[in-house]
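Single-letter residue listing:
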Amino acid sequence: GEIYIENGHLVMDGNGPTPYGVCVRTNTELNLPNKCIIQGRVIADDWNQYVGIFLSATNDVNTGNSLGFDDGYDFGWWGWDGTNHCTRTWQDGDVINDDHAAYPGFFYAQNGIYYYIGGMYDGQTLYHFKPTTDGSIEIDHQRDDTTYSGVNWKRIMLLVWDRAQWRCDYVFVRKYAD
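Below is a short write-up of the structure. Note that the structure is predicted; figures quoted are calculated from it, not measured.

Quick look at the pairing of strand 10 (residues 125-129)
Taken residue by residue, a regular strand's side chains alternate between the two faces of the sheet.
Here is step 1: Within strand 10, five of the five residues are buried, leaving the element largely enclosed by the surrounding structure.
Here is step 2: Alternating residues of strand 10 divide into Thr125, Tyr127 and Phe129 and Leu126 and His128, and every residue in both groups is buried.
Here is step 3: Counting the residues in the hairpin turn of strand 9 (residues 114-121) and strand 10 gives three residues, including glycine 123, whose phi is positive at 90 degrees.

Comments concerning the pattern of salt bridges
Here is step 1: One pass over the structure, following the stated rule, counts four salt bridges.
Here is step 2: The residue aspartate 169 makes a salt bridge to arginine 41 at a minimum N-O spacing of 2.4 Å. Linking aspartate 169 in strand 13 (residues 165-175) with arginine 41 in strand 4 (residues 36-46), this pair joins segments that are 128 residues apart in sequence.
Here is step 3: We classify aspartate 169 as partly exposed; its relative accessible area is 26%.
Here is step 4: Judged by its relative accessible area of 18%, arginine 41 falls in the buried class.

What about the nonpolar core?
Here is step 1: Counting 28 residues, the largest nonpolar core has Met12, Val42, Val51, Tyr73, Trp77, Trp153 and Trp166 as its most contacted members.
Here is step 2: Elements with a minimum of two residues in this core: strand 2 (9-13), strand 4, strand 5 (50-56), strand 6 (72-78), strand 9, strand 12 (155-161) and strand 13.
Here is step 3: Per-element tally for this core: the top contributor is strand 4, with four residues.
Here is step 4: Leave out the neighbours within four places in its chain, and tyrosine 73 touches Ile53, Phe54, Leu55, Arg88, Thr89, Tyr121, Leu126, Asp145, Thr146, Thr147, Tyr148 and Trp153.

The rules behind the values
Residues numbered from 1 in each chain as written. Predicted model: local features only at pLDDT ≥ 70, side-chain atom pairs only at ≥ 80, totals over all residues. Heavy atoms only, no water. Buried < 20%, exposed > 50% of the residue type's maximum accessible area, 1.4 Å probe, protein only. Helix = DSSP H or I, 4+ residues; strand = E, 2+ residues; numbered from the N terminus. Pairing = 2+ DSSP bridges. Salt bridge = Lys/Arg side-chain N within 4 Å of Asp/Glu carboxyl O. Core = buried A, V, L, I, M, F, W, Y, C linked by side-chain atoms within 4.5 Å. Contact = heavy atoms within 4.5 Å.

Okay, here's the thing in structure tokens:
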């Protein structure tokens, strides 16, 4: 895949010379609070695959898997079939909890429409947000997970999979207060 900036967007193009998707990560350690909300604004040029946001508990990039994930949580959406999303727990580059399922009320992504995607972690529970077009937060699924309770997040990663092209306008991270 390819990554580049165009018209103010970070373009993640899984159709590049190596069409297996791309992953972008922040370049410096962020040290974000453990309890946080992360939400990105993305627009599809070719929505036929997955788009997701990853909170990384380490500075490491795992070269043993195709996404580069090591330790953390992944909030994702399959826009191509309109029904699936996931919250996954990664440890040492492997998925140890894959909550990947279909939920009612989901829809197909449309090219040229901005969607807000993301999730929240409160130190005990992962909350997946339903993709919306107006920025509202609608929790569509949640599950308990304390694997990274108390960890400050080191990096944010954005990703698309095989042959998809999504543009990211921005990502917000804010502290979650009880």
